[in-house]
Amino acid sequence: LVGKKFAVGEIELEKFRIISPNNYPGVSIDLRYMMSKFEIVENVFSPYVSGYIEITDSIGLYEKIPIIGEEYFHLSFKSRGAPASDRIDRYFRIVRVLNFNRDPKNDRVHTYRLEFVSLEHIYNLKTKIQKSYLNLKINDMVRDVFNTYIKNEDGFDQSISIENTQGEHNFVIPNLTPFETMNFLAHRAISNDNTNSKGAFFTFHDTVKNGFKFTSLETMMQENVKNF
């Protein structure tokens, strides 16, 4: 790649496939040549990554799989020319099929949108926490909630980066989901990590590449900005 120039933002799309729960893990369908638009969103105020794929389907994929909104979506990409260590490799869950339309000029062509979210969001919706924490720092509670209730069941485990917090607390979690519990703790946390930041505006969020983060916005503002 010596002397090779790439445009800013160019990526190498290595995996872009959908996996049916009926066939998993043996059969997958490559969507790279059927995708007309793709968007993935990382939000510091959202506990999960989300996005959508707009599909132009001329082979009847929708009925062949069939797509019912419970499939896995496997995404793997990196910046063009970047080393393999910069690769982003994630699995998501398709949760909805929207805007299903037939091309008025060709009855064999259909367009539709597949919406997806982080796998952990699905496990979160199925779980409730009723638990008491006594004389613990909030960062220790966060680690316990993550390891016990959020790390997924399908072998695609995510990591978490947790900022140290001040003081010990007694909390009772009253039948909340894991993500609701994380937000409950974030609203009560004060940073103890950085001498230049005693931030009290904490957020729990998922990132596309670097796992989950439980950190204060003040500390994030002091980090170096990195692009994919």
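To keep things clear, this report deals only with the structure shown in the data block.

### With respect to the sheet that holds strand β7 (residues 110-118)
The 7 strands lie next to each other as β2-β1-β5-β6-β7-β4-β3, forming an open sheet whose pairing is antiparallel. Of all strands in the sheet, those bounded by a partner on one side alone are β2 (28-30) and β3 (35-41). Here the average twist between neighbouring strands, direction ignored, is 30°.

### Overview of the packing of helix α3 (residues 138-150) against helix α4 (residues 178-186)
In the contact formed by α3 and α4, the axes pass within 10 Å of each other and the chain directions differ by 175°. Taken together, the axes of α3 and α4 lie roughly antiparallel to each other. In this structure, α3 uses Ile 138, Met 141, Val 142, Val 145, Phe 146, Tyr 149 and Ile 150 to contact α4, whose residues at the interface are Pro 178, Phe 179, Thr 181, Met 182 and Leu 185. Looking at the contact of α3 with α4 residue by residue, the class counts come to 11 nonpolar, 1 polar and no charged.

### Observations regarding the packing of aromatic side chains
Considering all chains together, one arrives at 17 aromatic pairs under this definition. Arranged with centres 6.1 Å apart and planes meeting at 20°, the rings of Phe 38 and Phe 116 form a pair that is stacked. Residue Phe 38 is located in strand β3, and its partner Phe 116 is located in strand β7; the two are separated by 78 residues in the primary sequence. Plain terms: the ring middles of Phe 45 and Phe 201 are 6.2 Å apart, the flat faces sit at 40° to each other, and that makes the pair tilted. Of this pair, Phe 45 sits in the loop between β3 and β4 (50-57) while Phe 201 sits in the loop between α4 and β11 (202-206), and the two are 156 residues apart along the sequence. In textbook terms, an aromatic cluster arises when at least three aromatic residues are bridged by ring pairs, as seen for Phe 16, Phe 38, Phe 73, Phe 92 and Phe 116. Just above the ring of Tyr 72 sits the side chain of Arg 93; from NZ or CZ to the centre is 5.7 Å.

### Digging into α4
Buried residues dominate α4, accounting for 7 of its 9 residues. Among the residues making up α4, those that are buried are Pro 178, Phe 179, Thr 181, Met 182, Phe 184, Leu 185 and Ala 186.

Conventions and cut-offs
- Residues numbered from 1 in each chain as written.
- Predicted model: local features only at pLDDT ≥ 70, side-chain atom pairs only at ≥ 80, totals over all residues.
- Heavy atoms only, no water.
- Pairing = 2+ DSSP bridges.
- Helix = DSSP H or I, 4+ residues; strand = E, 2+ residues; numbered from the N terminus.
- Axes fitted to C-alpha atoms, helices over the stretch in contact; angles between N-to-C directions.
- Parallel < 35°, antiparallel > 145°, perpendicular 65-115°, else oblique.
- Contact = heavy atoms within 4.5 Å.
- Nonpolar A, V, L, I, M, F, W, Y, C, P; charged D, E, K, R; others polar.
- Phe/Tyr/Trp six-rings, centres within 6.5 Å; stacked < 30°, edge-to-face > 60°.
- Lys NZ or Arg CZ within 6 Å of the ring centre and 35° of its normal.
- Buried < 20%, exposed > 50% of the residue type's maximum accessible area, 1.4 Å probe, protein only.

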